[in-house]
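A look at the structure
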Amino acid sequence: MSARPVLDGINPMTWRRTVKEIRAFGPDLVVLPAWTFFLAPALGWIAKSLRRSGIECCMIVHNAIDHEAAAWKSRLSLWQLSKASRFVTHNRDLADQISAVFPDGAVTVFPHPVFDDFPMPQGTLQREAEMEFLFFGLVRPYKGLDILLEGFALSDRKDARLTVVGEFWQGEDDCRRQIAALGIADRVELIPRFVSDAEAAEYFARADVVVLPYRSVTGSGVIPTAYHYGRAVVATDLPGLADVVRDGETGWLVPVADPSALGKLLGQLKRSETDVAGKRAHEFGATLSWEGFAHCVAGTADGTAHHASVATGTNGNIPER
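Attention here is on the structure that accompanies the text. All of these numbers come straight from a predicted model, not from anything done at the bench.

Scanning the model with the defined rule gives 2 cavities of 30 Å³ or more in all. Approximately 80 Å³ is the volume attributed to the largest cavity. If you go around the largest cavity, the residues you meet are H90, P111, H112, V114, G219, S220, I223, P224, Y227, G240, V244 and L288. Residues belonging to the lining of the largest cavity are distributed by class as follows: 7 nonpolar, 5 polar and no charged. Within this model, the second largest cavity holds a volume of roughly 30 Å³. Along its surface, the second largest cavity is lined by E132, F133, L134, T163, Y203, R206 and A207. Every element with two or more residues in the lining of the second largest cavity is listed here: β5 (131-136) and α7 (197-206).

Right, dumping it as structure tokens:
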């Protein structure tokens, strides 16, 4: 099935056209994402209009409010959420946030499924060190790359290398200055751009451990990717990460914003340990299927059997506002 662009988030005329086309299609259920204030007015208005036509609107919530958001941005995001029939999200903490604001809403929790359609690596990247660490994804302040750089320096590992792969939204110059000031330029590889799935496969294949030193988070697509490639994870002990990182089994958890604790762990890890954890990560990831997630979104019972849980208010449905 091909996609056809219809909606422009800043053009209300397209909002009306989108609603008209959806009504003509006649669905029982419409699924909308909730992740940024920028699209909240458009998606909230569409959900409100569709619900008035008797169409159920399930919102997949990635963020209840934007990371580092101003108050007005948060209000826009919450306004969109108020137009949902019910919610699906990837971690219990975010579900609790939603339930606190919308106590009459139904929230289903299903951990982020593992990507199973990424390409297999071809082994094009050679190992450069005994231990290879990887930071992957868009670089934003809340993701804590500066904490990782400090922790990596504190680990004092001369047999390890850190590869940073991801487009910088801001702070690339600051990052380069920090690397130079810490004296680790010879052990840090910076790839400050978007990479294709095929390139990403090579970086994950070369890594021993994928590191997520986030300051805050509601969920991560990086961990499912790591699990898909059988890679262990080091992550901060936040609800959105701890829900899917089994400490000491599929990876390791460290305190939030603690470079010393992170550096100590990175300094102690051995490849024999990360290899075992990577195998367990792959096995655990196989249980987090897209089929199960689809059942949750569709509202069918099958998907809630193992990993999903449901928090429901008084009537399991948010009244129209």
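Right, let's get into unusual backbone geometry. Phi is positive for D156, which is not a glycine, with a value near 55°. With respect to the helices and strands, the residue D156 is situated in the loop between α5 (145-155) and β6 (160-165). Despite not being glycine, A257 shows a phi value in the positive range, around 55°. Following the sequence through the fold, A257 ends up in the loop between β10 (251-254) and α10 (259-268). On the accessibility criterion, A257 (45% relative accessible area) is partly exposed.

This brings us to the pattern of salt bridges. With the rule as written, the count across this model stands at 16 salt bridges. We note a salt bridge from R271 to E130, for which the minimum N-O separation is 4.0 Å. Linking R271 in helix α11 (residues 271-285) with E130 in the loop between β4 (106-109) and β5, this pair joins segments that are 141 residues apart in sequence. Here D186 ties to R187 by a salt bridge, and the two come within 4.0 Å at their closest N and O atoms. Judged by relative accessible area, which is 8%, R187 ranks as buried. A single network of salt bridges, built from pairs that share partners, joins R127, E130, D208 and R271.

So, about the nonpolar core. Core analysis: the biggest nonpolar cluster contains 30 residues, and F133, L145, L162 and V234 have the highest contact counts within it. Ranked by residues supplied to this core, first place goes to α5 with 6 residues. When residues no more than four places from it in sequence are discounted, the contact partners of L162 are F133, L134, F135, L148, L149, F152, R187, V188 and E189. If you look at the next biggest cluster of nonpolar residues, it comprises 29 residues, including L134, Y203, Y229 and F284.

The element strand β9 (residues 232-236) is largely enclosed, with a buried count of 5 among its 5 residues. Residues A232, V234 and T236 line one face of β9 and the alternating positions V233 and A235 line the opposite face, and both faces are buried. Two strands pair when backbone bridges link them, and strand β8 (residues 209-212) and β9 are joined in this way by 4 bridges, in the parallel orientation. When the sheet's bridge partners are listed, V211 is paired in β9 with V234. Here β9 pairs with β10 via 4 bridges, running parallel. Bridging from a neighbouring strand, T236 pairs with V254 of β10.

Applying the stated rule across the entire model yields 12 aromatic pairs. Here F37 and W72 contribute two aromatic rings whose centre-to-centre distance is 5.4 Å and whose plane-to-plane angle is 80°, an arrangement assigned as edge-to-face. Highlighted residues: F37 in the loop between β1 (29-34) and α2 (40-52) and W72 in helix α3 (residues 71-81), separated in sequence by 35 residues. Here the aromatic residues F110, F115, F118, W290 and F293 are joined through ring pairs into a cluster of three or more.

Moving on, we get to the side chain of H112. Residue position: H112 is located in the loop between β4 and β5. Not counting chain neighbours up to four residues away, the residues in contact with H112 comprise H90, S220, G221, P224, L288 and W290.

Below, the discussion takes up the layout of surface pockets. If you add up the space inside the second largest pocket, you get close to 330 Å³. Forming the boundary of the second largest pocket are 12 residues, of which R4, V6, E21, I22 and F25 lie nearest the centre. Mapped by element, the contributors of at least two residues to the lining of the second largest pocket are α1 (12-25) and β1. Per-element tally for the lining of the second largest pocket: the top contributor is α1, with 4 residues. Counted by class, the lining of the second largest pocket contains 8 nonpolar, 2 polar and 2 charged residues.

So, how was this worked out
- Numbering of residues starts from 1 in each chain and follows the order in which that chain's sequence is written.
- Predicted model: local features are reported for residues with pLDDT of at least 70 only, side-chain atom pairs are reported and counted for 80 or more only, and whole-chain, interface and lining totals are derived from all residues.
- In computing side-chain properties, one takes all heavy atoms of the structure into account and sets aside hydrogens as well as water.
- A pocket, in this scheme, is an open set of points on a 1 Å grid over the protein atoms alone with protein on both sides within 12 Å along at least 5 of 7 lines, while a cavity is a set where a 1.4 Å probe fits but cannot get out; residues line either one if an atom lies within 4 Å of a point.
- Grid points are joined across faces, edges and corners, and a volume is the space filled by probe spheres set on the points.
- Residues are sorted three ways: Asp, Glu, Lys and Arg are charged, Ala, Val, Leu, Ile, Met, Phe, Trp, Tyr, Cys and Pro are nonpolar, and all the rest, Gly among them, are polar.
- A helix here means a DSSP run of H or I that spans at least four residues, while a strand means a run of E at least two residues long, and both kinds are numbered starting from the N terminus.
- For every residue, the accessible area obtained with a 1.4 Å probe (protein chains only) is divided by the maximum for its type, and the residue is called buried under 20%, exposed over 50%, and partly exposed between those limits.
- Every case where a carboxyl oxygen of Asp or Glu lies within 4 Å of a side-chain nitrogen of Lys or Arg is listed as a salt bridge.
- What is meant by a nonpolar core is a set of buried Ala, Val, Leu, Ile, Met, Phe, Trp, Tyr and Cys residues, joined one to another through side-chain atoms within 4.5 Å.
- Should any heavy atoms of two residues lie within 4.5 Å, those residues are considered in contact.
- Whether two strands pair comes down to DSSP finding at least two bridges between them.
- Whether two aromatic rings pair depends on their centres lying within 6.5 Å, for rings of Phe, Tyr and Trp, where Trp uses its six-membered ring; planes under 30 degrees apart make the pair stacked, over 60 edge-to-face, and the rest tilted.

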